[in-house]
Amino acid sequence: MKKTQLVQSPADHRRYQPLTLNNGLRVLLVEQADAEKSAAAMSVNVGHFDDPADREGLAHFLEHLVFLGSEKFPEAGDYAQFISGHGGSHNAWTGTEHSCFYFDIEDNAFADGLERFADMLGAPLFAEASVQKERQAIEAEFSMKLKDDGRRIYQAHKETINPAHPFAKFSVGNLQTLDDRPHQSARDAVRDFYQQQYAASRMCLVLVSALPLARQQQLAEQYFVQMPDHLPAKTALTAPLYQSEHLGIQLNIQPHKPTQRLVLSFALPDIQPWYPYKVVSFLAHLIGDEGPGSLLSGLKQQGLVNALSAGGGIDGSNYKDFTLAFELTHAGMAQRDLILQSCFAYFALLRQQAFPLYLFQERQRLIQWSFTYQEPRASLQLASDLAINLQHYPEHDYIFGDYRMETPSESLYRQLLSYFRAENLRVMLIAPEVSASRQARWYHTPYSVEPLAAELLAGLAQQQPMPGYRLPEPNPYLVGQLQLIPLSGHQQQPEHLVDTEHLSLWFKADTDFHSPKGHIFVQLTLPNTVQDLTQLALTKLWLELFLDRINEQFYPATTAGLSYNLYVQQHGLTLHSSGLSANQIALLQDLLSELTDRQFSEQRFAELQFQLVRHWRSQISGKPISQLFSQLSSLLQPLNPDTQQLAQLLEQTDFAAFNQFSANALQQVHIDALMLGNWHKSDSYLLERMLTQWQQQLGSPGQRLPRQSFSVQGSGPVWLQQQLTHDDQALVIYLPAKDRSAAAMAKFMLANHLISPEYFHALRTEQQLGYLVGTGYVPMNLKPGMAFYVQSPKTAAADLYYATVIFYRKFLEELPEIPADDFAQIKSSLIAQIRERDTSLASRAKRLWLAIGQGDYQCSLSQRIQDELEALSLSDFCSFCYELLAPDYDAIFMATGPAPEHSLMRSMTTAELASQLDLQTDWL
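Remember, predicted model here, so these are calculated numbers, not experimental data.

**Focus: helix α22 (residues 681-697)**
- Taking 1.5 Å as the rise per residue, α22 with 17 residues should run 24 Å; its terminal C-alpha atoms sit 25 Å apart, in good agreement.
- Inspection of α22 places Asp 683, Ser 684, Leu 687, Met 690, Leu 691, Trp 694 and Gln 695 among the buried residues, and these make up the whole buried set. Taken end-on, α22 shows its buried residues confined to a sector of 130°, consistent with a single buried face. With respect to the buried face of α22, the exposed residues turned more than 90 degrees away are Gln 696 and Gln 697.
- Of the surrounding secondary structure, the elements contacted by the buried residues of α22 are β15 (495-499), β16 (503-509), β17 (517-525), α17 (584-595) and β20 (670-677).

Here's what the structure looks like:
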């Protein structure tokens, strides 16, 4: 085995071995001693660009079909059931030029999983029955997205580029493109496409496991050397994305959801050769800066835009569309030329100045820290990330390629700036009020195309820098050196350092991830924000205004390895800071200090009030499944109203009423806090002192509030029909637990673990009732629960109910027949999932903060659930599953249509049921 030359982080203790099999398949083996599961990922240099012109969507169709039976394992559901039955998961995606397939599984089943994975990719059956059924799944996916603005805008974009470029193709496919034809059936088409496109020379395989590299190599050679190897390398793309007639134009698009956006795009060549310098992302960082003197700052001061993002856009092997996307105000809609002029003024500023080495070195330092102190990733994520890296980077940079950032030459920087010129500009205006003279194919998007005025382009070409714009100053939040606390400082469990009537502080020094980062959660209980629904609506607006006001001031912190998030929770607000622990307490102190300034601009109040109301109103056009789950949550959780209620209440509020609310919001504050990560205990004392002083400055501190919830106990099964503005039908069946014991949690988790793959296979794969099908473990109000959900373009909600009941009864018939050894294996695989350790400091912080919030102060709930699963007998589990089908079980059926005939459930409105629910109060 040759010695690897891969560049890897000093904190990365994995062993890597690249190799190439005899059939040309490039492989990277990763030995990770502490991996919880084994994982594999196969990337393929085939995507929708490779679709035949008359068979658009074929690559996507093939991705679906390879899971549904192979030469050695012909049963359509065998692969998914095997992976799920051994504690694993699987998925795949199809992009423009690549596809990727991946799975993870328990170590002892890895070899068998790889055998199935290799056969799936190397010898798919494309059985006629599966082809016909999966065409319906593709159609359902296509139909579900007909009102998705991302796809609608994407299609209009595709119709205004060079038609010879493969980006112009329809990527998803539907019944029309994947139909049976006299000269070629759909099965023949996908089989021919596979033979013409899939070969080992276009594939890259990554294995991640605790197994030794030598054993992994044996598995790779045993199962993957048989992959087909008959194809040459793909021909490089040569057609340009844009021709001259596709530049200097404005594309006007009417969206489905109300929004006002302006997108500027500039055509770049293939940027992959520049990856060692990260110069494109650095330029995006400069243009997208949000601090003082930035392009965004100037435009916001003029009241023209609310937000800016830079550097996005499509990219591939011979093109990059560099975009600047603005969220417009009403004034901005009327003064778009001024926004364009400001952009080109900023480009002129960049061209006039030398390459800003000091800013580039700041980015270099941060990305080097990210590489040096990178936190571990789950096996599945690592495998899929590396599989794509193998397609893009030379061998020595398989790991380091994403982090390599060498200083570019001045000429390269100038070359990149040269693309930001008027004759290379395209503009996209997305707003309901734009004129439309065309309709995009497939998604029926109304749009029009018009040339940009010659006078405007000439003026932009001569634009000079404007006063007020400047490059960012050196970052004040960027520390010189990072220091890790000693390993001896590690604490196994959080310590409750402060527990008074008004303040609770938990602390945990953590060295497990060898990370210089930390997390601080500060929950502010604010009684004057949760007394009624109007206060809740105003709290959400107040939060938006606060974040808007401080964005410019604290933007440098977010570019220096720090981040902050402020969100509404049941009793008020929670502030969460994270990132590098150095300077984080100072950041938190600055944020809390700003929080006490409750003065806001009336102009920004009006603008953000309008934006928030419009956002809430637009949610009625979301996916039916999402809307049903949202309404279920609103029904069962106090102060979590339907967004349409919030919109109505907020719309009725004026600036004077808002100011009165704001003046009283921060009264009687109680604080709960958690500090976790790269901290000394002395840091916790600083945090305690700072929080206490801030609390005292506000006046009289407050106390905890009880947690409240609505109980459905005794309501019996009830059918709640919802009126939604969507063509699809949908059903959510929610089964709540009677209590919140560890035993109940164990049973609901196991039920979901067992039922989920079977339900998907029965209703989605076999019956083709819809594209969105599944089950989920759904805890709500601290109690466990389970939900079945299905969304269908053609089947009524009552029929979805019948299909689910038939499925569940069949499941109950077969459940007692499970052999004892199989039941033990199923429980073990679930226990292994629950037992999985935290994959990062962030996941640990989130888990412990959640545990504290639920009153699980010993963080022992996970172990208690595992103990209950160990002790659970098949007979007791069967009894539990039968209970869920009892005619008096307190199930809630959220549906888009009327209840089935002759059912035992009551049909009610949501308001009628809400008026009957009992309000429960819990002190944690």
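**Points about the nonpolar core**
- Counting residues in hydrophobic clusters, the biggest one holds 77 residues, and the most contacted among them are Leu 295, Leu 324, Phe 326 and Leu 425.
- The leading source of residues in this core is helix α11 (residues 336-352), at eight residues.
- In this structure, Val 479, Leu 482, Leu 526 and Ile 671 belong to the second largest nonpolar core, which totals 65 residues.

**Details of the sheet that holds strand β2 (residues 26-31)**
- Here six strands make up an open sheet; going across it, the order is β1-β2-β6-β3-β5-β4 and the pairing mixed. Of all strands in the sheet, those with a lone pairing partner are β1 (15-20) and β4 (89-94), marking the two edges. On average, adjacent strands in this sheet sit at an angle of 10° to one another, irrespective of strand direction.
- As paired elements, β4 and strand β5 (residues 99-105) share six bridges and run antiparallel to each other. Each bridged residue has a counterpart across the sheet, and for Asn 91 the counterpart in β5 is Tyr 102.
- On the sheet, helix α1 (residues 58-65) packs against β4 and β5 and is oriented at approximately 170° with respect to β4.
- Strands in contact with helix α3 (residues 110-122) are β3 (38-44), β5 and β6 (203-209); relative to β5, the strand with the most contacts, it is inclined by about 160°.

**Observations regarding the environment of Gly 518**
- One can find Gly 518 in strand β17.
- For Gly 518, a relative accessible area of 0% puts it in the buried group.
- Sequence separation between Gly 518 and Leu 562 is 44 residues; the distance between their C-alpha atoms is 9.6 Å.
- If we ignore the near neighbours within four places in the chain, the residues touching Gly 518 are Ser 577, Ser 578, Gly 579, Ser 581, Gln 584, Leu 676, Gly 677, Asn 678, Trp 679 and Leu 841.

**Regarding the pattern of salt bridges**
- Per the counting criterion, the structure on display carries 36 salt bridges.
- Among the salt bridges present, the one from Asp 838 reaches Arg 844, with a minimum N-O distance of 2.8 Å.
- For Arg 844, a relative accessible area of 11% gives the class buried.

**Here's the deal with the pairing of strand β8 (residues 261-268)**
- Burial analysis of β8 places seven of its eight residues in the buried class, the great majority of the element.
- Taken together, the eight bridges between β8 and strand β11 (residues 319-328) define a ladder with antiparallel strand orientation. Bridge pairing in β11 places Ala 267 opposite Asp 321.

**Let's talk about empty space enclosed by the protein**
- All told, the structure shown has two cavities of 30 Å³ or more when counted by the stated rule.
- For the largest cavity, the calculated volume is near 60 Å³.
- Within the residue set of the lining of the largest cavity, elements represented by two or more residues are α2 (78-85) and α3.
- Its boundaries defined by the atoms lining it, the second largest cavity holds a volume of some 40 Å³.
- For the lining of the second largest cavity, the secondary-structure elements that each account for two or more residues are α16 (533-558) and α21 (655-665).

**A look at the sheet that holds β16**
- Strand order across the open sheet formed by six strands is β15-β16-β20-β17-β19-β18, with mixed pairing between neighbours. What marks the edges here is a single partner per strand, and that holds for β15 and β18 (562-569). When strand polarity is set aside, the average angle formed by the axes of neighbouring strands in this sheet is 10°.
- Sitting on the sheet, α16 touches β18 and β19 (572-580), and the angle it makes with β18 is about 175°.
- In the packing of α22 onto the sheet, the strands contacted are β15, β16, β17 and β20, and the crossing angle to β16 comes to about 160°.

**Points about the side chain of Thr 795**
- Mapping Thr 795 onto the fold places it in the loop between β25 (785-792) and α24 (797-814).
- Setting aside residues up to four positions removed in sequence, Thr 795 forms contacts with Gln 729, Leu 769 and Leu 800.

**Description of the packing of helix α8 (residues 279-287) against helix α14 (residues 410-418)**
- Across the interface, α8 lies against α14 with an axial gap of 11 Å and an inter-helix angle of 60°. Accordingly, the angle class assigned to the pair α8 and α14 is oblique. Considering how the two elements wind past one another, α8 and α14 form a crossing that is right-handed. Along the contact surface, α8 presents Val 279, Val 280, Leu 283 and Leu 286, while α14 presents Leu 412, Tyr 413, Leu 416 and Leu 417.
- Among the residues making up the contact of α8 with α14, the classes are represented as eight nonpolar, no polar and no charged.

Rules behind the numbers
- Residues numbered from 1 in each chain as written.
- Predicted model: local features only at pLDDT ≥ 70, side-chain atom pairs only at ≥ 80, totals over all residues.
- Heavy atoms only, no water.
- Helix = DSSP H or I, 4+ residues; strand = E, 2+ residues; numbered from the N terminus.
- Expected span 1.5 Å × (residues − 1).
- Buried < 20%, exposed > 50% of the residue type's maximum accessible area, 1.4 Å probe, protein only.
- Arc of directions from axis to C-beta.
- Contact = heavy atoms within 4.5 Å.
- Core = buried A, V, L, I, M, F, W, Y, C linked by side-chain atoms within 4.5 Å.
- Pairing = 2+ DSSP bridges.
- Axes fitted to C-alpha atoms, helices over the stretch in contact; angles between N-to-C directions.
- Salt bridge = Lys/Arg side-chain N within 4 Å of Asp/Glu carboxyl O.
- 1 Å grid on protein atoms, 1.4 Å probe; cavity = no way out; pocket = protein on both sides within 12 Å on 5 of 7 lines; lining within 4 Å.
- Points joined across faces, edges and corners; volume = space filled by probe spheres on them.
- Parallel < 35°, antiparallel > 145°, perpendicular 65-115°, else oblique.
- Left-handed = near helix turned anticlockwise from the far one by under 90°.
- Nonpolar A, V, L, I, M, F, W, Y, C, P; charged D, E, K, R; others polar.

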